[in-house]
Amino acid sequence: NFKKGFIMTNKQKYREFCKIEKNIPVFSIDWWLDSVCGEENWDVAIVEKGGEIWATMPYYIKKKWGFTLITMPPLTQKLGPYIKYPQGQKYYKKLSWEKEIMNELIDQLPKFDYFYQQWDYTITNWLPFYWRGFKQTTRYTYKIDKEIDINILEKDFETDVRRRRRRKASELGIKIINNENIEVFYELNIMTFERKNKSVPYNFDLVKKIYEITKKNNSSKLSFAFYNEKAISAAFLVSDSNSVYYLMGGIDSLYKDLGGMDLILYNSIKWTLNQGKNFDFEGSIVESIEKYFRSFGSIQTPYFAVYKINSRILKIKECLKELLR
């Protein structure tokens, strides 16, 4: 589609790459980045060798108070490097390859005052970034591996989850229905924040935009729990070729003890495993949420949050925050 002699930008190359590379996580795909960042607010570092793209690292740029920040877009679990490996590469060579590739990705980053990205858990080596002055903290997601049998997994469910799920199905008549009512979903989502006296960190327009683009690309599912024909809880799932992610949820506080979300998540996990994909709860550092995700037999899985501060002012601010903790 490009004229002869036309030099493609990295972003244009990346858009073409996303069309053919099926293992890119949904949060790094170009159409996802367009929706959460805005088309003009993200770019990508690309490593090419022999006319082939071997690695990519999209990044979100924003300006705030005069600082240039490379950080995580809203409602985006992970970014970071995506690396392909030459066939038959031995472990020693693999680490050397990662060092070479990551250094080239770092070299392509624009000047920034602050960098922060959460990486996919499949990236287990961040040393090349450490050697270039970056730091990292370990975070956790909770995931259910695609290889597990749902009946075996149920044995690992926490007792209350199993009990509530059986009671809902047999006594309360709660029904799980998939529909496209993003307005009702957002209302339930807001209730979850209100119950915790927290403000919602995103608006309806963004949620609707994400739903429309993921629906267009067959990468989303909205599931609702209905009790007496009333939606009492809901989950917004997004997916790629390897995983299904629990992006957002919502519960009507008046019905929170009925366990509608338990049944939604059980059905979602079952649906995911039937597709041969991993189920990723996305994780949380909130203690009560971490406990709930863990109650479904999911496995704690570490991933890297990689960061670097170049601005002297921001470094001082970070030191003050550490002192005040």
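A quick note: this is a predicted structure, and the numbers were derived from the prediction, not measured. (Residues numbered from 1 in each chain as written. Predicted model: local features only at pLDDT ≥ 70, side-chain atom pairs only at ≥ 80, totals over all residues. Heavy atoms only, no water.)

Asks: What exactly am I supposed to notice about the overall build of the protein chain here?
Replies: What the protein chain contains, in helices and strands, is 11 helices and 12 strands. For the protein chain, whose C-alpha radius of gyration is 21 Å, the value lies close to the compact-globule estimate of 20 Å for 325 residues. Taking the principal axes of the C-alpha coordinates as reference, the protein chain spans close to 65 × 50 × 40 Å. For the protein chain, with 325 residues in total, the buried portion stands at 49%. If you take every contact in the protein chain between residues at least 6 apart in sequence, the share linking residues at least 24 apart comes to 71%. (Helix = DSSP H or I, 4+ residues; strand = E, 2+ residues; numbered from the N terminus. Rg over C-alpha atoms; globule rule 2.2 N^0.38 Å. Buried < 20%, exposed > 50% of the residue type's maximum accessible area, 1.4 Å probe, protein only. Contact = heavy atoms within 4.5 Å.)

Asks: How should I be thinking about the environment of Thr68 in this particular structure?
Replies: Mapped onto the secondary structure, Thr68 falls in strand β3 (residues 67–71). Owing to a relative accessible area of 11%, Thr68 belongs among the buried residues under this scheme. The sequence separation of Thr68 and Lys111 amounts to 43 residues, and the corresponding C-alpha distance is 7.7 Å. In this view, Thr68 contacts Ile61, Lys62, Lys63, Lys111, Phe112, Asp113 and Tyr114; residues no more than four positions away in its chain are not counted.

Asks: Can you walk me through the side chain of Thr301 in this structure?
Replies: Among the secondary structure elements, Thr301 is positioned in strand β12 (residues 299–309). Judged by its relative accessible area of 11%, Thr301 is buried. Looking at Thr301, its side chain comes within polar contact range of the main-chain oxygen of Ile299, at 3.1 Å. Apart from the residues within four sequence positions on either side, Thr301 is in contact with Tyr121, Arg139, Tyr140, Thr141 and Lys143. (Polar contact = N/O pair within 3.5 Å; in protein donor to acceptor, adjacent residues only side chain to side chain.)

Asks: Would you take a moment to explain the pattern of salt bridges for this structure?
Replies: It is possible for side chains bearing opposite charge to pair when their charged atoms get close. Taken as a whole, this structure holds 15 salt bridges when the rule is applied. Through salt bridges with shared partners, a single network forms among Arg15, Asp30 and Asp34. (Salt bridge = Lys/Arg side-chain N within 4 Å of Asp/Glu carboxyl O.)

Asks: For this particular structure, what's the right way to read the nonpolar core?
Replies: One broad trend across soluble globular proteins is that nonpolar side chains are buried collectively. Counting residues in each nonpolar core, the largest one holds 44 residues, and the members touching the most others are Tyr14, Trp32, Phe185, Val207 and Phe236. Residue contacts for Val207: discarding those within four places in its chain leaves Leu75, Ile182, Phe185, Tyr186, Tyr202, Phe236 and Met248. In terms of nonpolar packing, the next biggest core, distinct from the first, is built from 25 residues, Ala225, Leu237, Ile264 and Phe293 among them. (Core = buried A, V, L, I, M, F, W, Y, C linked by side-chain atoms within 4.5 Å.)

Asks: Sorry if this is basic, but what is going on with the environment of Phe112 here?
Replies: Its place among the elements puts Phe112 in the loop between α3 (91–107) and β5 (114–118). For the pair Phe112 and Lys63, spaced 49 residues apart in sequence, the C-alpha separation works out to 9.8 Å. Setting aside residues no more than four positions away along its own chain, Phe112 makes contact with Thr68, Ile70, Phe134, Lys308 and Asn310.

Asks: I would appreciate a short explanation of the packing of helix α1 (residues 10–20) against helix α2 (residues 30–37) in the present structure.
Replies: Relative orientation and spacing of two packed helices are given, respectively, by the angle between their axes and the distance between those axes. Viewed as axis vectors pointing N to C, α1 and α2 meet at an angle of 125°, and their least axial separation amounts to 9 Å. As summarised for this structure, α1 and α2 are arranged oblique, according to the angle between their axes. Every residue of α2 that contacts α1 at Tyr14, Arg15 and Cys18 is listed here: Asp30, Leu33 and Asp34. Of the residues assigned to the contact of α1 with α2, the class counts are three nonpolar, no polar and three charged. (Axes fitted to C-alpha atoms, helices over the stretch in contact; angles between N-to-C directions. Parallel < 35°, antiparallel > 145°, perpendicular 65-115°, else oblique. Nonpolar A, V, L, I, M, F, W, Y, C, P; charged D, E, K, R; others polar.)

Asks: Explain α1 here, please?
Replies: Three or four residues apart is the spacing at which side chains of an α-helix point the same way, because the helix has 3.6 residues per turn. Those residues of α1 that sit buried are Lys11, Tyr14, Phe17 and Cys18. Each buried residue of α1 lies within a common arc of 110° when the element is viewed along its axis, so the set occupies one face. Facing away from the buried side of α1, by more than 90 degrees, are the exposed residues Lys19 and Ile20. On its buried face, α1 sits against α2, β1 (42–49), β2 (52–64) and β4 (82–83). (Arc of directions from axis to C-beta.)

Asks: Mind showing me how you'd approach the pairing of β1 here?
Replies: In this structure, β1 lies alongside β2, joined through eight bridges in antiparallel fashion. From the neighbouring strand, Ile46 faces β2, where its bridge partner is Thr56. Here β1 folds back onto β2 in antiparallel fashion, the turn holding two residues, of which Gly50 has a positive phi close to 60°. (Pairing = 2+ DSSP bridges.)

Asks: What's the story with the pairing of β12 in this structure? I'm lost.
Replies: Each regular strand carries side chains that alternate between the two faces of the sheet. Both β5 and β12 contribute to a ladder of five bridges, which runs antiparallel. Paired with Gln117 across the bridge in β12 is Val306. Bridging between strand β6 (residues 135–144) and β12 involves nine bridges; their strand directions are antiparallel. Residue pairing in the sheet places Gln136 in a bridge with Val306 of β12.

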